[in-house]
Amino acid sequence: MKVLVTGSAGRVGAFVVRRLIAGGHQVRGFELRSAGIEDGGFDEVIGAFDDREAAIRACEGTDAVLHLGAFMSWLASDRDKLFRANVEGTRIVLEAAAAAKVGRFVFASSGEVYPENKPEFQPITEDHPKKPLSPYGLTKLLGEELVTFQGRVSSMETVILRFSHTQNASELLDPESFFSGPRFFLRPKIEQQENFGNKAAADLLRAADPGRPALVLTRNEEGRPFRMHITDTRDMAQGVLLALTHQMAAGGIFNLGATEPVDFAQILPVMAQKTGLPLLTVDLPGAGVWYHTSNQRIRETLGFEPDWPIMRMLDEAVAEWTTRQA
Ligand code: NAD
């Protein structure tokens with residue numbers, strides 16, 4: 001099979017490319033930057049998703065498209081770029097794929113379409129109402145509509161995967177990581193809250209700064225620790241490959257992520273013990289993050305079985321941390 005993977009230099013895309021090459025498939029990447037993969041089974045088109053000429057070249061001669069690339073930003077200043085990449089870009093890649101008579105198109109959507117941060121019921125199933133609260137979540141919902149439309153008007157099979165929050169295990173204890181830095185480390189979190197303009201939260205966090213690097217357990221204003229899914233890239237790749245190949249995936253919509261959510265009150269003391277960093281607890285204004293998303297449909301329909309629970313990811317993260325400290 002010749003498979004186009006968009007976002008081929010990204011976290012999930014790069015891993016999926018390698019898995020496909022190892023499985024003997026021909027793979028093409030399509031994205032803004034090179035994946036840096038030197039292999040006879042791989043070629044790439046460097047370009048933006050909303051560049052029609054590049055999208056046509058990328059889709060030409062492929063049997064399937066895994067549209068894993070997207071722009072992720074929650075900054076107001078990135079709004080136009082966000083819609084160009086995720087909505088207009090998805091429309092153009094879809095049209096190029098349909099014109100190239102691609103057999104199957106898999107789309108990486110997001111739990112932000114519900115949104116998971118403010119669910120109406122839990123566990124969140126695929127039937128939960130879709131009322132995104134972030135522009136990023138809206139771009140993913142619009143992307144889903146574009147995918148569904150193209151599935152209706154062309155012969156292309158479509159699969160929508162609503163991705164859990166995803167990390168490489170090595171990112172969990174990296175203060176420089178885009179997601180894990182501000183999630184678990186105090187100073188990156190202060191900077192993030194300042195950038196979001198959340199002055200009250202930034203002030204509370206700054207007041208807790210012990211004057212040296214520290215981990216932070218965030219809770220809501222009533223002292224309830226955050227809880228959310230954090231899924232290993234390798235498990236996400238397993239789900240993407242099932243969506244690519246499984247007969248029962250065609251036309252489906254699936255939540256894709258770890259089975260159990262991560263309770264921050266459980267993992268942060270372990271992180272502190274393993275790193276020797278102090279752990280502070282800060283209660284932030286608002287309801288906080290506290291959700292559980294069901295992956296029952298993808299497990300029962302496609303046989304998805306995640307292998308990387310958070311404690312296994314953490315073991316790897318600690319090993320990386322130790323190497324970095326040395
Ligand atoms: P990533 O940011 O690591 O990779 C995305 C890639 O897309 C990047 O390499 C980037 O260069 C490329 N890209 C961005 N805009 C582009 C454009 N206009 N044209 C061409 N290429 C462009 O993302 P990831 O973590 O691998 O996520 C994969 C997918 O899953 C994305 O669609 C993302 O929205 C979705 N998702 C991710 C998470 C998460 O926590 N990582 C959660 C939910 C959904």
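The structure this text deals with has already been given above.
Quick look at the structure, then.

Parameters and conventions
- Residues numbered from 1 in each chain as written.
- Predicted model: local features only at pLDDT ≥ 70, side-chain atom pairs only at ≥ 80, totals over all residues.
- Heavy atoms only, no water.
- Near = heavy atom within 4 Å.
- Polar contact = N/O pair within 3.5 Å; in protein donor to acceptor, adjacent residues only side chain to side chain.
- Areas by Shrake-Rupley, 256 points an atom, 1.4 Å probe, with all protein chains shown as cover.
- Helix = DSSP H or I, 4+ residues; strand = E, 2+ residues; numbered from the N terminus.
- Nonpolar A, V, L, I, M, F, W, Y, C, P; charged D, E, K, R; others polar.
- Buried < 20%, exposed > 50% of the residue type's maximum accessible area, 1.4 Å probe, protein only.
- Contact = heavy atoms within 4.5 Å.
- Expected span 1.5 Å × (residues − 1).

### What to know about the site of the ligand
For step 1, the next point in the chain: In the region of the ligand, 27 residues are neighbours, and Arg-11, Glu-31, Arg-33, Tyr-136 and Thr-166 sit closest.
For step 2, the next point in the chain: With respect to the ligand, the backbone of Leu-68 contributes an N or O atom lying 3.0 Å from an oxygen atom.
For step 3, the next point in the chain: Relative to its free-state accessible area of 830 Å², the ligand is covered by the protein chains to the extent of 90%.
For step 4, the next point in the chain: Only α1 (11-22), β5 (104-110) and α4 (135-153) provide two or more residues apiece to the shell around the ligand.
For step 5, the next point in the chain: In terms of residue count, β5 provides more of the shell around the ligand than any other element does, 3 residues in total.
For step 6, the next point in the chain: Of the residues belonging to the shell around the ligand, the class tally is 14 nonpolar, 9 polar and 4 charged.

### A few points about the side chain of Glu-31
For step 1, the next point in the chain: As for its placement among the helices and strands, Glu-31 is situated in strand β2 (residues 26-31).
For step 2, the next point in the chain: You can call Glu-31 buried: its relative accessible area is 8%.
For step 3, the next point in the chain: A distance of 2.8 Å separates a polar side-chain atom of Glu-31 from the backbone nitrogen of Ala-9.
For step 4, the next point in the chain: Apart from residues no more than four positions distant in its own chain, Glu-31 is found in contact with Gly-7, Ser-8, Ala-9, Gly-10, Val-45, Ile-46, Gly-47 and Phe-49.

### A few points about α4
For step 1, the next point in the chain: Between its first and last C-alpha, α4 extends 27 Å over 19 residues, near the 27 Å set by a 1.5 Å rise per residue.
For step 2, the next point in the chain: Among the structural elements, α3 (79-99), β5 and β6 (157-163) are those in contact with the buried residues of α4.

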